[in-house]
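Chain and residue survey
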Amino acid sequence: MIEKAYELARERYAALGVDTDRAIERLASIPISLHCWQGDDVGGFESEEGLTGGGIQATGNYPGKARNADELRSDLEMTYRMLPGKHRLNLHAIYAETGGKKVERDALTFEHFARWTDWAKANGLGMDFNQSFFSHPLANDGFTLSSRDEGIRRFWVDHGIACRKIGEQIGRTLGTPCVTNVWIPDGYKDIPVDRKTPREILRRSLDEMFAEPLDPRYHLDAVECKLFGIGSESYVVGSHEFYMGYAMANRDRRLLLCLDAGHFHPTETIADKISSVLLYLDEILLHVSRGVRWDSDHVVILSDDLRAIGEELVRGDFLGRTHIGLDFFDASINRVAAWVIGTRCMIKALLLALLEPIETLRKAETENDLTARLALMEENKTLPFGAVWDYYCEKMGVPVGAAWLEEVRCYEKNVLSKRVA
Ligand code: RNT
Ligand code: ZN
């Protein structure tokens, strides 16, 4: 049935000049970096408390969240089994394994991530990394790298440096560059008097953090901008202009700009930013997310926004310069299912874009036939995409359609439900 439907779909697309076999082949080569923090509501393993302090929030209390690294890895393995293709893991520093010992964040080393890296290697996964500038007593007054308190600032610079070294070692071990992403919650709830000084301090901290060049074959740095957050509604130090300017002024450092879909004004979309940013920077990192009215980090679905991101990456030939990461966390539904839903949607969006009869659309636009452009784009929406997607899943040996849900339910029954809070 699936093959039959695919044969028909292939003919239908071929008539429009689209090679479905080629689309599938390209799709299989695009890794998505899965954010570890969906598995435990951005809690990490440093303390029992989980997410505390500034800028982000998980809501919901669905049972069964991972309580330690082994459980989180088990949940991730389950998730990867539901995803067609080879993907990556995106780890935060608060997921260090310190063997029960308290290790301060500025003292973290590769050994605290060796088990994660071994596991990634054994599973054929690339890895990405993040400094954790939140959920910490020294982040409680809302400022980290841009703190006016020299002790606090220094601590976070040292954390940043420690994590870059860890990231580089991860990249060396796995033989694929590790993107280490900087996001800080720094900002003010209410209107500041001085918007300038924290930005000057942040620039100095980044200069110190990025001073040592690392081999880009193993490690890349990214900086993530933001417009507002919980508790930083009026002012965020690391704004879009700040980091875009910083990355461009420091071209020799090859910084990636990280565009998070939830970090702009709610009517702005990151799809429109990609072609501008990549005119000036070599590479970008995406945090694909879904904000509902605000930066709420809902599970990614196959929305118009998501489709537009896929289309931009394919149409602009940007896939080779874009690291696709996910960033959402929903604690109100099965967390493994959340990962599966969001990641499968990201892959679907890429497939849809790869199946677009782009030449016809381009021709309409260059000939200024804007009527045809709109008409064809709308007709494309009902092409037999589902048949190609099903076939791709089958071919890659993962569940077709909603069959994955049964498997996740089984996992829930046998594993997740046995975890007591
Ligand atoms: C927060 C940023 C950031 C975090 C993760 C946990 O607004 O999006 O990327 O979500 O680092
Ligand atoms: Zn993000």
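Relevant structure appears above.
Since we're looking at a predicted model, the values are computed, not measured. (Residues numbered from 1 in each chain as written. Chains lettered and ligands numbered in written order. Predicted model: local features only at pLDDT ≥ 70, side-chain atom pairs only at ≥ 80, totals over all residues. Heavy atoms only, no water.)

**Digging into the overall build of the protein**
Regarding its fold elements, the protein presents 14 helices and ten strands. Computed over the C-alpha atoms, the radius of gyration of the protein is 22 Å, within 12% of the 22 Å expected from 2.2 N^0.38 for a compact globule of 421 residues. Principal axes of the C-alpha set define a box for the protein whose edges measure 65 × 55 × 40 Å. Relative to its full complement of 421 residues, the protein shows a buried share of 52%. For the protein, long-range pairs separated by at least 24 residues make up 81% of all intrachain contacts whose partners lie at least 6 apart in sequence. (Helix = DSSP H or I, 4+ residues; strand = E, 2+ residues; numbered from the N terminus. Rg over C-alpha atoms; globule rule 2.2 N^0.38 Å. Buried < 20%, exposed > 50% of the residue type's maximum accessible area, 1.4 Å probe, protein only. Contact = heavy atoms within 4.5 Å.)

**Brief notes about the coordination of the zinc ion (ligand 2)**
Each pair of donors in an ideal four-coordinate tetrahedral metal site encloses 109.5 degrees, whereas pairs in an ideal six-coordinate octahedral site enclose 90 or 180 degrees. Ligation of the zinc ion (ligand 2) by protein atoms is provided by Glu224 (OE), Asp260 (OD), His287 (ND1) and Asp327 (OD), these donors lying 2.1 to 2.2 Å from the ion. With six donor atoms in place around the zinc ion (ligand 2) and angles of 71 to 167° between them, the coordination shape is octahedral. Look at where the donors of the zinc ion (ligand 2) fall in the sequence and you get E-x35-D-x26-H-x39-D. A residue pair is termed long-range when its members are at least 10 positions apart, and glutamate 224 in strand β6 (residues 219-224) and histidine 287 in strand β9 (residues 284-288) qualify at 63 residues. What makes glutamate 224 buried here is its relative accessible area of 3%. (Donors = N, O, S within 2.8 Å, 3.2 Å for Na, K, Ca; no water. Tetrahedral: all angles 85-135°; square planar, octahedral: opposite > 155°, others 65-115°.)

**Re the pattern of salt bridges**
Counted by the stated rule, this structure contains 33 salt bridges. Here lysine 65 and aspartate 41 are joined by a salt bridge, their closest N and O atoms 3.9 Å apart. Here lysine 65, found in the loop between β1 (32-35) and α3 (69-81), pairs with aspartate 41, found in the loop between β1 and α3; they are 24 residues apart in sequence, far enough to count as distant. Lysine 65 gets classed as partly exposed once you look at its relative accessible area, which sits at 37%. Classification of aspartate 41 by relative accessible area gives buried; the value is 10%. One salt-bridge network, held together by shared partners, links Glu150, Arg153, Arg154, Asp158, Arg204 and Glu208. (Salt bridge = Lys/Arg side-chain N within 4 Å of Asp/Glu carboxyl O.)

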